[in-house]
Amino acid sequence: MSDARLRRVNKEIADCKNDQSSNINIDLIDNSPFHLRGSFDGPQDTPYDGGHFEVDIVIPDSYPFQPVKMKFITKVYHPNVSSASGAICLDILKDAWSPVLTLKSTLISLQSLLCSPEPNDPQDAEVAKHYMTSRSSFEDTARYWTHVYAGGPAPSSAPGAAGKDITGLRDEVAIAGLEKVHVDQFEAIGFERSKVIDVLRRLNYRGSNVSKIPDDKVVEELLRA
Amino acid sequence: MSSDYEYSDDEEYNEYDDDEEAMDVEDGSTSSEEDVEMDVYDDDIKVVSEARKAYEVDYRPLTHQQVKDLMVADIEYISTIFGVGSDVAALLLRHMDWNKDRLTEKYMDDAFSISIAAGISPVPKPSHSGPDRSKRVTRSSKSSKKIEQATISEPFLCPVCFDDTATDTLGLSCGHIFCTGCWAMYTVSKIRDEGEHRVLCMAENCGVVALNPFVHKVLSDDEDTCARYDELLVRNYVACNKNLKYCPFPSCDRSVSCPTASSRSALSTIVPTVSCGADPKHKFCFGCSIDGDHRPVLCVVARMWLKKCRDDSETANWIKSNTKECSKCQSTIEKNGGCNHMTCKKCKYEFCWVCMGPWAEHGTAWYSCNRYDDKSGVEARDAQSKSRASLERYLHYYNRWANHEQSAKLSVELYMKTEKKMEEMQLTTDLTWIEVQFMKKAVDIVENCRTTLKWTYAMAYYLENGNQKAMFEDNQRDLERAVEDLSELLEQPIESETIPVLRQKVTDKSVYVQKRNEILLEDTAKGYLEERWKWNVVVDDL
Ligand SMILES: [Zn+2]
Ligand SMILES: [Zn+2]
Ligand SMILES: [Zn+2]
Ligand SMILES: [Zn+2]
Ligand SMILES: [Zn+2]
Ligand SMILES: [Zn+2]
Ligand SMILES: [Zn+2]
């Protein structure tokens, strides 16, 4: 059984290497062919455009009869991706899996998930709410995350600001997906605003997370930053 | 079923006339089945020669094979009236959760759609679809064999394992072909990893489901997985059939059929305690998932009670915040009533509940403790004392409930002690093994009746005060006394000269205890039917 699994995975990796047209990459993380890293570029004309996204791939023992396990390594601001863990809500990774699907075809599906979010079946309720209530603000945040985490271009509202301090941005708090009161609260203690935004963003200080992250922890991070 | 007759007037459905006759026959046999059950019941009466007690329900323990037989009978029924193979009939039934009537209705309405939905026929390709195929599609599965053979003759690359040397290939009616090895591993994974009996075609977005012979063929010599698959099918059948329930005991494969308890409304008048028959311990409630025997209390009341007990930790918190330690001797003092003038029962120290200061300092101006006059404080105290009273009431029932539960648990220990005694008795007297069984039997009776007693406290907690409750509590008290007496007899040391006396006493008391238990259960059960029991809470969230 594992023989067939190994043969298939090796062939899948080789096929993917040979096929330059798809722009999907699959690389070994360690020496095992059953723990891989997939990556692809963010789809054009989306807030993810210009970013490069990495996905953690674990091949279960009963692959391909049970679905491959995938989650984003790169932080993604998307209704169907957990902003904290990178966990993905996609039917083919669950009950709609078919053994004829491959790592490549699954990664392509992830790529197209970035084009067409499914806010009614959310993985991250906070992000989905943002997506539903204010599309342009959602897209600002998604673009900002693409810039910060996926190496995408600096948002156009601050042209040429790629290397600059984010304070140059218009309403950087909202774009970072944070609440003004939270930023104000820590700024009032005496920390630099840009630092506060950076730390809160890294701590994912949003929604239900806020109550889970004690103030001490934030201050500790701020002192370290 | 009446809708089927309407169809017979319709010219278009003439081809179903044969089926209709078949259905009539089936209908006939259904009623005769009931007759058979009645006969069995009559036989029981003859054999046991006593009527069923009011607190017992009619039920039938079923072995795995017997359930299988029922399942096969349903499949054969559908197979006959639809004129389809039994494997197709089985899949149609599984798709409709084994609801024969709804399946018949839907099938008569649109056989084609339901065959697709059930995964028997593939979704037609746009070019092939035609209205003519909408009837009896289930027979079209033969055409897929042609596709299968045609594909085999060409060089084949299995799309799952990428192996181009595989010669053994298989496919379902959709024509998607895979190598036999992949089919086997896939099927094993579905059944073993997922516990899934629906083995779908491996192709993406193909909804065709493997029929039983296909699954068995693919699993060929994997007997374990075959057996697991068959069990999953039977479990699905039982889960879908409200007249049936699996025995909840681990690794027990028996079930119980209890149609009288299958409706929710039935559970407002009966407590359907059943047993699968494999072991006397395999006793469970057909109406809910509380294990063991919760008679005499109704499922919904038992559930309410258990929920209350789970929320008990809240009670403990209340006690913490409503008891204080005497500042002199440190013994625990609970606030009682509204007065703040407290006197420690132990050391007679007098103090103020509010400030914990010595009462003497408050002097005649006892109201000088400012919080006392506070209006909200007075209200809070009233609420507190109400809540205190209700807590005390709850604890009264809870302690007795818990005590019987604890004692019933300890009876395992008593059982072992008794067994030792029985061995002793055989050695020291000329009593035979059979003759010392009275001890074991008595322990069983005690355990059994303690379970009844335990639940009577849950019942009494929710019973409205009045004559009925008083009578219930009389029965409860009589049973309780009898059980405690018998328990005490069982704990007595054995002396060889007193054994005959002890034996007589234990036997007599056992008979009496059983009788008291029966009286209580019988009266409670009748009370449900006569709607005698009034609750002090709303009991209708069945
Ligand atoms: Zn294969
Ligand atoms: Zn198929
Ligand atoms: Zn059992
Ligand atoms: Zn019950
Ligand atoms: Zn005291
Ligand atoms: Zn007083
Ligand atoms: Zn005071």
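Residues numbered from 1 in each chain as written. Chains lettered and ligands numbered in written order. Predicted model: local features only at pLDDT ≥ 70, side-chain atom pairs only at ≥ 80, totals over all residues. Heavy atoms only, no water.

The name given to chain B in an unreviewed UniProt entry is RBR-type E3 ubiquitin transferase, with Multifurca ochricompacta as the source organism. Under Catalytic activity (unreviewed entry), UniProt gives the following word-for-word description of chain B: "[E2 ubiquitin-conjugating enzyme]-S-ubiquitinyl-L-cysteine + [acceptor protein]-L-lysine = [E2 ubiquitin-conjugating enzyme]-L-cysteine + [acceptor protein]-N(6)-ubiquitinyl-L-lysine." (UniProt positions renumbered as here; feature names shortened; annotations may be inferred.)

The name an unreviewed UniProt entry assigns to chain A is Ubiquitin-conjugating enzyme E2 1, from the organism Multifurca ochricompacta. Its UniProt record gives chain A the following Sequence similarities (unreviewed entry) comment, quoted word for word: "Belongs to the ubiquitin-conjugating enzyme family."

Another aspect to go through is the coordination of the zinc ion (ligand 3). Metal coordination angles in their ideal form are 109.5 degrees for the four-donor tetrahedron and 90 or 180 degrees for the six-donor octahedron. All names here are of chain B. Taken together, the protein ligands of the zinc ion (ligand 3) are Cys-247 (SG), Cys-252 (SG), Cys-276 (SG) and His-282 (ND1), with distances of 2.0 to 2.3 Å. Taken together, the four donor atoms surrounding the zinc ion (ligand 3) define angles of 106 to 113 degrees at the centre, an arrangement classified as tetrahedral. The motif formed by the donor residues of the zinc ion (ligand 3), counted along the single chain, is C-x4-C-x23-C-x5-H. In this pair, Cys-247 sits in the loop between strand S4 (244–246) and strand S5 (255–257) while His-282 sits in the loop between strand S6 (273–275) and strand S7 (283–285), placing the two residues 35 residues apart along the sequence. Among the residues examined, Cys-247 registers a relative accessible area of 4% and is labelled buried. Assessed through its relative accessible area of 13%, His-282 is described here as buried. (Donors = N, O, S within 2.8 Å, 3.2 Å for Na, K, Ca; no water. Tetrahedral: all angles 85-135°; square planar, octahedral: opposite > 155°, others 65-115°. Helix = DSSP H or I, 4+ residues; strand = E, 2+ residues; numbered from the N terminus. Buried < 20%, exposed > 50% of the residue type's maximum accessible area, 1.4 Å probe, protein only.)

The subject of this paragraph is helix H10 (residues 223–240) of chain B. All names here are of chain B. Between its first and last C-alpha, H10 extends 26 Å over 18 residues, near the 26 Å set by a 1.5 Å rise per residue. Regarding H10, the residues found buried are Thr-225, Cys-226, Tyr-229, Leu-232, Leu-233, Val-234, Asn-236, Tyr-237 and Val-238. Packing partners of the buried residues in H10 comprise helix H3 (64–82), helix H4 (86–95), helix H8 (180–194), helix H9 (212–219), S4 and S5. (Expected span 1.5 Å × (residues − 1). Contact = heavy atoms within 4.5 Å.)

Another aspect to go through is the environment of Thr-428 of chain B. All names here are of chain B. Inspection of the secondary structure assignment puts Thr-428 in helix H15 (residues 375–428). For the pair formed by Thr-428 and Ser-496, sequence separation is 68 residues and the distance between their alpha carbons is 6.2 Å. If we skip the residues at most four places from it in the chain, Thr-428 touches Ser-496 and Ile-499.

Turning our eyes to something else, we now look at a negative patch on the surface. Taken together, the side chains of Asp-91, Asp-95, Glu-118 and Asp-121 of chain A present a region of like negative charge at the surface. By relative accessible area, which is 43% here, Glu-118 of chain A ends up partly exposed. (Patch = residues over 30% accessible without salt bridge, like charges linked within 9 Å, V, L, I, M, F, W, Y side chains within 5 Å. Areas by Shrake-Rupley, 256 points an atom, 1.4 Å probe, with all protein chains shown as cover. Salt bridge = Lys/Arg side-chain N within 4 Å of Asp/Glu carboxyl O. Lys, Arg positive; Asp, Glu negative; His and termini not counted. Charge placed at Lys NZ, Arg CZ, Asp CG, Glu CD.)

The next thing to look at is the coordination of the zinc ion (ligand 2). All names here are of chain B. Coordination of the zinc ion (ligand 2) by the protein comes from Cys-174 (SG), His-176 (ND1), Cys-201 (SG) and Cys-206 (SG), over a distance range of 2.0 to 2.3 Å. Every donor counted, the four donor atoms about the zinc ion (ligand 2) form angles of 100 to 115 degrees at the centre, which fits tetrahedral coordination. The sequence pattern formed by the donor residues of the zinc ion (ligand 2) is C-x1-H-x24-C-x4-C. Of this pair, Cys-174 sits in the loop between strand S2 (169–171) and strand S3 (177–179) while Cys-206 sits in the loop between H8 and H9, and the two are 32 residues apart along the sequence. A single burial state applies to Cys-174 and to Cys-206, both of which are buried.

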